[in-house]
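Listed below, chain by chain, are the residues.
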Amino acid sequence: MKTVSVRAHTSAEALPREQQLAWRIAEVAAERVDVTPDVEDMVINRIIDNAAVAAASYARPAPAAARAQALAHRASSGGAGATVFGEPGATRVSAEWAAWANGVAVRELDFHDTFLAEEYSHPGDNIPPLVAVAQHAAARGLTGADLLRGIVTGYEVQIDLVKGISLHRHKIDHVAHLGPSAAAGIGTMLGLAPEVIFQAVGQALHTTTATRQSRKGEISSWKAYAPALAGKLAVEAVDRAMRGQTSPTPIYEGEDGVIAWLLGGFDASYEVALPEPGEPRRAILDSYTKQHSAEYQSQAWIDLARRLHRTHPEVGDPSRVDRIVLATSHHTHYVIGSGSGDPEKYSPTASRETLDHSLPYIFTVALQDGAFDHERSYAPARAAREDTVALWRRIVTTEDPEWTRRYHSNDPAEKAFGGSIEVTFTDGTVFRDSIAVADAHPLGAAPFARADYVAKFRGLASGVVPDAEQDRFLEAAQRLASLTSAELGDLTFTVSDEVRAFAPHPAGLL
């Protein structure tokens, strides 16, 4: 990897294009590099993972609304169009709208892959826009191998940016790294020249910077839409760049650019490590998926709670517990813990989107139930249960500097997203325990492998996608690199007629 130093420059400094971060990203994306077998295997896992979550979310209001919008925009004249999760494969919509609808479906349940470092990310959000463009542009001769390389680039660029540039510190939403990564991935897939990718990356970044209010307070359905919009805008940015349109330059380093006014300003400098020429793109292997439908920083805590349910059930009894303190990282404490200062995180009438960002709630339910389900654990009646509310409101989080250090460590062997628990009982006795990583993490008790991704898909698709259709999708996904242009449309699934009839069909303007 080669480290690129990035800072704001005055216009008088006239930073050469070749030294701009967007150009360095474009160079990485434009280079044709072979995909290693372990990376190919993980890309397939994540395609399956995305489809699993999209199947489970099909009938929920946000994906239904996004799908209805997409279906109002049939395939454009430039290609074959793209499929929409749940709809018959012959139903095609314009690629950017497929990216939108499928992006919302994938993100709705907060249940797919994650990477956490200086910034936060769900790099699987790159997949919907890339699949949509691949399907639309199949007539250009694109194949599954091209899509594979594009997804690898999308993961590489996003994770490299996430390692080097913090957005949340300045209250900018993390999808500002997704727009450039998706544009870069599409550029790789289409075999575009560095100049075109450079312009697309700049436009994608410029149009995807927004505040983090979408993840604060009473969290709304927009949480699922934000990454979908970034993917849609990336598709549109590539289209404009291919037509010769240019972008604000230098987008990161300019005097009125992103660093100068949205991030650390002229006093800040960022170090972004990107692959050397010819170096394999392996960043996807640093990411990790979710076994449970909740914010990633709660995954290890859910596994600890499930264990305590079996071994120390008294911890879940509010009549015996005076106080529970969860010592954890800065991010966990301030984003999904009591350090956020959000009263909604303790409200039994809060939205699902709020509850899946409330560690006190998530831990309480997993502790009392010994399990965590993407539907039952968030049901209004479950959130309002008297013993749950009583225990929930006795749980607080606190930042522990050591857990914060481990959270930011670049050593995979010590990087951790858990923490330590201290339970004070009403009789004065104290119980302590800890957990570093989730069970499904590569270093966890039961790391996810292909069979686990397939099982997750089948479990979440059960009752939604017919068995034969599940089989067809899994067969296509698992031979990604050998898919022909005509077979790219197989990377979707059709729900049963009963599920389609049951799902909302909201009307709107379009």
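Quick summary incoming for the structure in this document. Note on numbering: residues in each chain are counted from 1, in written sequence order. It should be noted that, the model being predicted, local features are given only for residues of pLDDT at least 70 and side-chain atom pairs only at 80 or more, the latter also being counted only at that level, while totals for whole chains, interfaces and linings use all residues. The basis for every side-chain value is the complete set of non-hydrogen atoms in the structure, without hydrogens or water.

So, about the pairing of strand β7 (residues 419-425). Between any two strands, at least two bridges found by DSSP are needed for them to pair. The helix and strand labels rest on DSSP assignments: H or I over at least four residues marks a helix, E over at least two residues marks a strand, and numbering proceeds from the N terminus. Bridging between strand β5 (residues 321-328) and β7 involves seven bridges; their strand directions are antiparallel. Pairing of Thr328 across the sheet is with Gly419, part of β7. In this structure, β7 lies alongside strand β8 (residues 430-435), joined through six bridges in antiparallel fashion. Its bridge partner lying in β8, Thr424 is registered against Val430. As consecutive antiparallel partners, β7 and β8 are separated by four residues, and within that stretch Gly428 has a phi angle of approximately 95°, a positive value.

This part takes up the sheet that holds strand β6 (residues 395-399). The four strands are arranged β6-β5-β7-β8 in an open sheet whose pairing can be described as mixed. Edge positions in the sheet fall to β6 and β8, since each has one partner strand and no second. Along the sheet, successive strands turn relative to each other by an average axial angle of 20°, direction set aside. Helix-sheet contacts for helix α11 (residues 299-311) involve β5, β7 and β8, and the interaxial angle to β8 is about 135°. Residue contacts are defined here by distance: any two heavy atoms, one from each residue, within 4.5 Å place the two residues in contact. Convention adopted: a line fitted to C-alpha atoms gives each axis, helices being fitted over their contacting stretch, and angles between N-to-C directions are expressed from 0 to 180 degrees. Taken strand by strand, helix α14 (residues 359-369) contacts β5, β6 and β7, and its axis lies near 125° from that of β6.

With respect to the secondary-structure elements, Arg67 resides in helix α3 (residues 61-71). Expressed as a C-alpha distance, the spacing of Arg67 and Ala98, which sit 31 residues apart in the sequence, is 8.1 Å. With residues near it in sequence (within four places) discarded, Arg67 still touches Tyr58, Val84, Phe85, Glu87, Ala101, Ala503 and Pro504.

Attention shifts here to the packing of helix α2 (residues 37-56) against helix α19 (residues 467-477). To describe two helices that pack against each other, one gives the angle between their axes and the distance between the axes. As a packed pair, α2 and α19 sit with axes 10 Å apart at the nearest point and diverge in direction by 150°. For the element pair α2 / α19, the angle class is roughly antiparallel. For the crossing formed where α2 meets α19, the hand is right-handed. Taking contact as the criterion, the partners of Ile44, Ile47, Ile48 and Ala51 in α2 are, on α19, Phe473, Leu474 and Ala477. Each angle receives one of four descriptions, namely roughly parallel if under 35 degrees, roughly antiparallel if over 145, roughly perpendicular if within 65 to 115, and oblique otherwise. Handedness of a crossing is defined here by the sense of rotation of the near helix relative to the far one, left-handed for an anticlockwise turn of less than a right angle and right-handed for a clockwise turn.

It is worth spelling out helix α8 (residues 194-207) at this point. Here α8 spans 20 Å end to end across 14 residues, near enough to the 20 Å set by a 1.5 Å rise per residue. Taking burial as the measure, the 14 residues of α8 include 10 buried ones, the bulk of the element. Buried, partly exposed and exposed residues are distinguished by accessible area as a fraction of the type maximum, computed with a 1.4 Å probe on protein chains only: under 20%, between the cut-offs, and over 50%, respectively. Taken as a whole, α8 has its buried residues at Val196, Ile197, Phe198, Gln199, Ala200, Val201, Gly202, Gln203, Ala204 and Leu205. On its buried face, α8 sits against α1 (21-30), α7 (178-190), α9 (222-242) and α10 (258-261). Expected span of a helix: the number of residues minus one, times 1.5 Å.

None of this, on its own, says anything about what the molecule does.
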